[in-house]
Amino acid sequence: QLTEIGGTRLVNYVALCRKVMMSGIIYGMGVLKGPFARARVQRRWTQTEQGLQAIDEQILVPQYEFVPIWDYYPDMSAKYLHQMDGQFQRIVMSHAQVRELADNPDFFKDQVMKYLNDHPTGNYKQKPYESEIRVLGPHTNVPVNDGRKYEVLVWDGAVSGHYLRAAGVDIPDDKLGDSINAVVWQIDDTIIRAAMNPWAILDEQEKVNSYHHFVFEEDDSTLVGNGLPRIMRDSQMAVAAASRMILDN
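Per chain, residue numbering runs from 1 following the sequence as it is written. Totals for whole chains, interfaces and linings use all residues, but because this is a predicted model, local features are given only for residues with pLDDT of at least 70 and pairs of side-chain atoms are given and counted only at 80 or more. Side-chain descriptors were evaluated using all non-hydrogen atoms of the structure, hydrogens and water having been removed beforehand.

Draft legend 1. Examining the environment of Ala 241 more closely. Numbering of helices and strands starts at the N terminus; helices are DSSP runs of H or I of at least 4 residues and strands are runs of E of at least 2. Structurally, Ala 241 is set in helix α8 (residues 233–248). For the pair formed by Ala 241 and His 162, sequence separation is 79 residues and the distance between their alpha carbons is 60 Å.

See the structure below:
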């Protein structure tokens, strides 16, 4: 099933793993999100009295996503990754993409439409590091289209049962005082989706993380570890200093 991930809209699993490893080697951590299930139409042939006939049926296949380290915010107060309360993911979406969320039954349509009507030009502003990265590439002279872009934050982690019930999630009375593993989408202060984590619904006893981490070199001082450039920095500076000395003398 993993080898079949791909097509016009998705990156195949091998390419996803390469992106995760490249992120880990350069920045110290690579993040893979999933698995999710997506519907796909598959054709099969069956023998009937009239002969072979093609039948289209909908099947569920797994899907993973690569999460750029620039848009991933882990719980840095935790000592280890498995001790985190949760994590935030930042997603920049177009007006049309946010509008599609309103048609998704998992989202609060009224909240999404109200926010779009109140903020027709979006809420996205470039972060300082985004501007710096942009200057490094070939798109320096391309105008930045901040208008009609929206910054969506997704929280995946523990949420009080009282908060989830207030958001419209069906929480049993005996679970109100618990911290429930949930997924919450928000634009600014507007909640556009709140639901229990699908893995928590399937199995309350076993916690399955939706975010998987590849840490190149673990470090006690940080969760995200060290990348290869930081590891080689001292030796690189020594070589550079020796080269300058040789050229100068």
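From this point, the narrative continues.
Draft legend 2. Expanded view of helix α1 (residues 13–27). In this model α1 runs 21 Å from its N-terminal to its C-terminal C-alpha over 15 residues, within 8% of the 21 Å that 1.5 Å per residue would give. By the burial criterion, the buried members of α1 are Leu 16, Val 20, Ser 23 and Gly 24. Seen from one end, α1 has its buried residues packed into an arc of 100 degrees, which puts them on one side. Residues are treated as being in contact if the distance between any of their heavy atoms lies within 4.5 Å. Contacts from the buried residues of α1 go to β1 (29–48), β2 (51–67) and β8 (211–215). Expected helix span is taken as 1.5 Å per residue step, with the number of steps being one fewer than the number of residues. Only protein chains enter the accessibility calculation, which uses a 1.4 Å probe; a residue is then buried when its area is under 20% of its type maximum, exposed when over 50%, and partly exposed in between. As used here, the arc is the angular range of directions from the helix axis to the C-beta atoms.

Draft legend 3. Structural context of helix α2 (residues 95–102). Listing the buried residues of α2 in full gives Val 98, Leu 101 and Ala 102. Projected down its long axis, α2 carries its buried residues within an arc of 110 degrees, all on one side. Turning to α2, the residues buried within the fold contact β4 (86–94), α3 (109–118), β5 (149–160), β6 (179–187) and β7 (190–196).

Draft legend 4. Inspection of the pairing of β6 at higher detail. Within β6, eight of the nine residues are buried, which leaves it mostly tucked inside the rest of the structure. Strand pairing requires that DSSP identify at least two bridges connecting the strands. For β6 and β7, the ladder comprises six bridges, and the chain directions are antiparallel. For Trp 185, the partnering residue across the bridge sits in β7 and is Arg 193. The turn joining β6 and β7, which pair antiparallel and follow one another in sequence, is formed by two residues; a positive phi near 55 degrees is taken by Asp 188.

Draft legend 5. Quick peek at the sheet that holds β7. Judged by pairing direction, the sheet is antiparallel, and its five strands sit side by side in the order β3-β4-β5-β6-β7 without closing on themselves. The sheet terminates laterally at β3 (72–74) and β7, the two strands that pair on one side only. For this sheet the average axis-to-axis angle between neighbouring strands, irrespective of direction, equals 20 degrees. Relative to β5, β4 is paired through nine bridges, and the arrangement is antiparallel. Bridge pairing in β5 links Gly 86 to Gly 157. α3 contacts β5, β6 and β7 of the sheet and is inclined by roughly 160 degrees relative to β7. Angles here are taken between N-to-C directions and fall from 0 to 180 degrees, while the axes themselves are lines fitted to C-alpha atoms, restricted in helices to the stretch in contact.

Draft legend 6. Examining the sheet that holds β2 more closely. An order of β2-β1-β8 is seen for the three strands of this open sheet, with the pairing classed as antiparallel. Looking at strand neighbours, the two that pair on one side only are β2 and β8, the edges of this open sheet. Going from strand to strand, the sheet's axes swing by 25 degrees on average, the running direction of each strand aside. Where β1 and β8 come together, five bridges link them in antiparallel fashion. The partner of Gly 30 across the bridge, within β8, is Phe 214. Helix-sheet contacts for α1 involve β1, β2 and β8, and the interaxial angle to β1 is about 180 degrees.

Draft legend 7. Examining the nonpolar core more closely. Core analysis: the largest hydrophobic core is formed by 15 residues, its most contacted members being Val 98, Trp 185 and Ile 192. Contributions of two or more residues to this core are made by α2, α3, β5 and β6. Excluding anything up to four places from it in sequence, Val 98 contacts Met 93, Val 112, Leu 116, Tyr 150 and Ile 187. Here, the term nonpolar core denotes a set of buried Ala, Val, Leu, Ile, Met, Phe, Trp, Tyr and Cys residues that are joined through side-chain atoms within 4.5 Å. In terms of nonpolar packing, the next biggest core, distinct from the first, is built from 12 residues, Val 159, Leu 164, Ala 194 and Met 196 among them.

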